[in-house]
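These are the residues of each chain, in order.
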Amino acid sequence: MSTTTLAVLVPLLPFLGAVAGLLLGRAAPGFVRPLAVLPTLAAAVLAVLVAVRQGGDGAIDTATELTPTGSVPIELSLYIDGFAVLVAVLVGVVATCVQLYSTAYLRDDPRYPSYAALVSLFTSAMLLVVYSGDLMVLLVGWEVMGICSYFLVGHYWETEAARSASLKAFLVTKLGDVPFLIGLFALATDAGSFRITKILDTVAAGGLDHPTLIALLLLAGVAGKSAQFPLHTWLPDAMAGPTPVSALIHAATMVAAGVYFIARLLPVFAASRAALVVMAVMAAVTMVGSALAALAQDDIKRVLAYSTVGQLGYMTGALAVGDRGAAVFHLLSHGAFKALLFLGAGVIIHAAGTNSLAAMSRMDGLTKRVPDAFWTMTLALLALAAIPPFAGFFSKEAVLVAAEQTALGHSDSAPSSAGWLILVAGVLTALLTAAYATRLWLMAFRGRGAAAPDHGKEPVAMTGVLWLLAVPTVGFGLAAGPLGDWFDGRQLTPTVTTSLLGTGAALIGVLLTYGLWQRAAARLATAPAPVGPAAAAAATDTPAVTATVSAATAAAESAAETPEVAEVTHEHPAVPAGPAPDPGRALLGPLHRHAADGFHLDAVYDRLFVRPVRGAASLVRFLDREVVDTYVRGAGTGTRLLGSLVRRAQTGNVQTYLSALLAGAVVLAIATAVLANVNAGS
């Protein structure tokens with residue numbers, strides 16, 4: 001079987017599994033789990049085989065015309081290079097792990113059949129984006145992922161948090177998709193084709209007439225899909241969905257699609273240095289802002305969500321300095337350890353019965369209850385904090401090296417200002433990332449208080465997946481050397497300067513957070529126990545209560561009480577309320593309240609966009625009901641009155657009709673005589 005045929009089967013198998021799952025889910029429930037796992041597993045195996053055959057050599061480019069358009073053709077095209085085959089392997093492996101994990105995590109969920117089918121369709125759509133060589137076909141996968149995310153994030157539609165989060169995710173990403181679609185058409189018009197290879201040839205020949213405009217339009221779509229500032233606000237709220245869905249979205253699909261799209265078309269963006277600077281600013285703000293927000297979150301899943309936003313900022317920053325190899329390298333390593341973090345968080349939620357880090361910090365012995373999650377998440381958090389020799393260290397260093405090369409003028413692929421911006425923001429974010437990773441570890445696994453309930457070992461389908469993902473989390477960084485040959489030939493190995501900067505910043509973040517946590521824990525241990533009304537006040541002195549309540553905070557609190565917690569966990573005794581040792585408060589100081597609320601961006605958008613749109617809608621509704629409808633009703637009322645007058649003349653009496661006819665004739669005769677006399681007199 002040819003490599004092209006195998007590549008076609010990779011996205012096709014999960015699609016067929018999704019269709020079969022939707023059709024047979026209710027009629028034959030015994031086939032639901034095999035239809036969820038086996039097609040995705042087969043696609044992952046075939047993706048590995050395609051990667052082995054491609055071997056980082058020349059790209060495989062094949063196409064057939066899908067439909068005649070009369071102008072720019074649309075082709076069913078495959079473009080398989082080193083980037084595509086490795087990203088496809090990541091998607092296949094993570095999707096398989098998510099499907100296996102979900103068989104245990106959602107084993108009692110009545111909507112599991114539709115959930116599993118949508119996950120398969122989600123996987124198929126991402127694989128279509130990865131392998132597609134035509135932008136219109138890529139757009140199909142791009143939009144299908146948006147629809148799937150809407151349904152999966154809203155899986156627990158009984159809650160307001162899930163309904164709002166799914167709608168918000170859909171609308172915010174579509175807000176970016178509108179300029180994205182315009183940019184695709186503008187790009188195809190300049191290049192005369194939607195085919196990626198022809199577009200890149202046109203760019204190389206200097207054939208783009210509006211490179212800056214096209215790049216910025218496309219960047220808007222990427223900002224929405226990959227949750228970059230200012231369109232990142234949907235991703236933290238999307239934690240209202242099931243935890244395995246979060247792992248899939250954050251690690252291998254949807255948010256990775258935007259970064260991968262820029263990597264595919266990087267010469268288009270590099271044709272405009274202004275677009276690269278805009279991209280660098282967007283990445284820097286995203287990195288630093290999301291890391292600060294992560295330090296203030298109480299929901300463990302929202303911490304990881306803001307972490308994803310920041311790590312995507314690293315990838316976008318690497319693209320802004322013109323190094324797509326570093327960007328995709330970090331995408332691959334991040335996909336492994338972030339999937340592990342989310343799935344590990346699901347095990348913790350399964351055991352602890354809460355998403356709240358504050359509640360976990362008042363729970364003793366959780367580490368012993370979930371040893372698999374403890375050890376694997378420890379490895380993943382070390383990778384997230386970029387501590388050597390874990391995968392995150394090598395991939396993050398590749399980004400910092402690319403930024404350093406551009407900043408010092410050793411690379412002319414991007415402005416030096418973009419390099420300095422990414423380098424400074426990257427080092428600062430490395431410190432903040434290590435800080436919130438340490439905070440999560442301490443609050444989740446070093447709690448003190450009531451003993452955590454013991455419900456026995458977690459299902460093997462959940463814990464086994466964690467150890468499987470731990471392998472690339474630890475060892476993928478060793479592939480930094482050979483990976484350069486699969487990409488553009490650039491070296492991805494760290495330098496001494498960036499290693500000292502990045503690792504030093506990370507160690508400072510770890511030590512500072514640990515010291516502040518110890519001080520907070522010591523203060524709580526020596527503080528006198530409150531009694532009476534003071535006890536009630538202390539019981540409510542938690543981050544969720546003391547923070548200013550807003551729409552985003554309310555959504556976060558509601559997400560922590562989703563049916564997921566009740567559905568996938570056992571009966572738990574109540575965890576005693578009270579203050580928790582949170583080093584994030586000491587680190588952020590007065591900024592903590594604002595960071596916990598995402599720096600009030602939702603409130604800003606509400607005032608700038610939502611309220612004006614609602615006001616305009618109210619005006620349109622008023623004009624429609626009170627003005628347009630008045631004219632319509634008036635026309636109908638006039639016709640009805642005229643009809644009633646005419647109806648009165650229709651008596652059915654012949655004598656009345658003859659009398660009216662005679663009277664009319666007399667009137668006409670008199671009028672004729674009068675007019676004749678008038679004319680004669682004149």
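Parameters and conventions
Residues numbered from 1 in each chain as written. Predicted model: local features only at pLDDT ≥ 70, side-chain atom pairs only at ≥ 80, totals over all residues. Heavy atoms only, no water. Axes fitted to C-alpha atoms, helices over the stretch in contact; angles between N-to-C directions. Helix = DSSP H or I, 4+ residues; strand = E, 2+ residues; numbered from the N terminus. Left-handed = near helix turned anticlockwise from the far one by under 90°. Contact = heavy atoms within 4.5 Å. Nonpolar A, V, L, I, M, F, W, Y, C, P; charged D, E, K, R; others polar. Salt bridge = Lys/Arg side-chain N within 4 Å of Asp/Glu carboxyl O. Buried < 20%, exposed > 50% of the residue type's maximum accessible area, 1.4 Å probe, protein only. Core = buried A, V, L, I, M, F, W, Y, C linked by side-chain atoms within 4.5 Å. Parallel < 35°, antiparallel > 145°, perpendicular 65-115°, else oblique. Phe/Tyr/Trp six-rings, centres within 6.5 Å; stacked < 30°, edge-to-face > 60°. Lys NZ or Arg CZ within 6 Å of the ring centre and 35° of its normal.

## Quick notes on the packing of helix H6 (residues 160-191) against helix H8 (residues 211-225)
When two helices pack together, their arrangement is given by the angle between the helix axes and the distance between those axes. Direction vectors running N to C along H6 and H8 enclose 145°, while the axes themselves pass 7 Å from each other. Between H6 and H8 lies a crossing whose hand is left-handed. Residues Thr-173, Gly-176, Asp-177, Pro-179, Phe-180, Ile-182, Gly-183, Leu-184, Ala-186, Leu-187 and Asp-190 of H6 form the contact with H8, whose participating residues are Ile-214, Leu-217, Leu-218, Ala-220, Gly-221, Gly-224 and Lys-225. For the contact of H6 with H8, the per-class residue count stands at 10 nonpolar, five polar and three charged.

## A few points about the pattern of salt bridges
In the structure shown here, the tally under the stated rule is 13 salt bridges. Two residues, Arg-195 and Asp-61, come together in a salt bridge whose shortest N-O distance is 3.2 Å. With Arg-195 in the loop between H6 and helix H7 (196-204) and Asp-61 in strand E1 (residues 60-67), this pair connects stretches of sequence that are 134 residues apart. Taking relative accessible area as the criterion, Arg-195 reaches 11% and is therefore assigned buried. One salt bridge in this structure joins Asp-177 and Lys-174, with 3.1 Å as the shortest N-O distance.

## A few points about the nonpolar core
Formed by 198 residues in total, the largest nonpolar core has its most connected members in Tyr-131, Phe-261, Val-268 and Phe-269. Contact partners of Val-268, with chain neighbours within four places excluded, come to Leu-187, Ile-199, Val-203, Leu-208, Ile-214, Ala-215 and Leu-218.

## Structural notes on the environment of Gly-504
Checked against the element boundaries, Gly-504 lands in helix H23 (residues 496-526). Residue classification places Gly-504 among the partly exposed residues on the basis of a relative accessible area of 25%. Measuring from C-alpha to C-alpha, the distance between Gly-504 and Leu-431 comes to 8.2 Å, with 73 residues separating the pair along the chain.

## Thoughts on helix H11 (residues 255-264)
Among the 10 residues that make up H11, 10 are buried, leaving the element largely enclosed by the rest of the structure. Taken together, the buried positions of H11 are occupied by Val-255, Ala-256, Ala-257, Gly-258, Val-259, Tyr-260, Phe-261, Ile-262, Ala-263 and Arg-264.

## Here's the deal with the packing of helix H14 (residues 300-320) against helix H20 (residues 416-445)
Interaxial distance between H14 and H20 falls to 10 Å at its minimum, and their mutual angle equals 160°. Considering the angle they form, H14 stands roughly antiparallel to H20. The interaxial crossing formed by H14 with H20 has left-handed handedness. Of the residues in H20, those touching H14 at Ile-300, Val-303, Leu-304, Ser-307, Gln-311, Tyr-314, Gly-317 and Ala-320 are Ala-418, Ile-422, Gly-426, Thr-429, Ala-430, Thr-433, Tyr-436, Arg-439 and Leu-440.

## A closer look at the environment of Leu-468
Checked against the element boundaries, Leu-468 lands in helix H21 (residues 460-475). Relative accessible area serves as the criterion here: at 48%, Leu-468 is assigned to the partly exposed category. Through-space distance from the C-alpha of Leu-468 to that of Ala-336 is 9.7 Å; in sequence the pair is 132 residues apart.

## A closer look at the side chain of Thr-40
With respect to the helices and strands, Thr-40 occurs in helix H2 (residues 32-54). We classify Thr-40 as buried; its relative accessible area is 0%. If we ignore the near neighbours within four places in the chain, the residues touching Thr-40 are Gly-92, Ala-95, Thr-96, Gln-99, Ser-120 and Thr-123.

## Some thoughts on the packing of aromatic side chains
Across all of its chains, the model carries 16 aromatic pairs by this definition. Ring centres of Tyr-101 and Tyr-105 lie 5.4 Å apart, and the angle between their planes is 25°; this geometry places the pair in the stacked category. Of this pair, Tyr-101 and Tyr-105 both sit in helix H3 (residues 82-105), four residues apart, which is roughly one turn of the helix. In this structure Tyr-101 comes out as buried when scored by relative accessible area, which is 0%. Aromatic rings pair up to connect Phe-374, Trp-375, Trp-441 and Phe-445 into one cluster. The aromatic ring of Phe-170 is capped on one face by Lys-174, whose charged end is 4.9 Å from the ring centroid.

In short, geometric facts, not functional conclusions.
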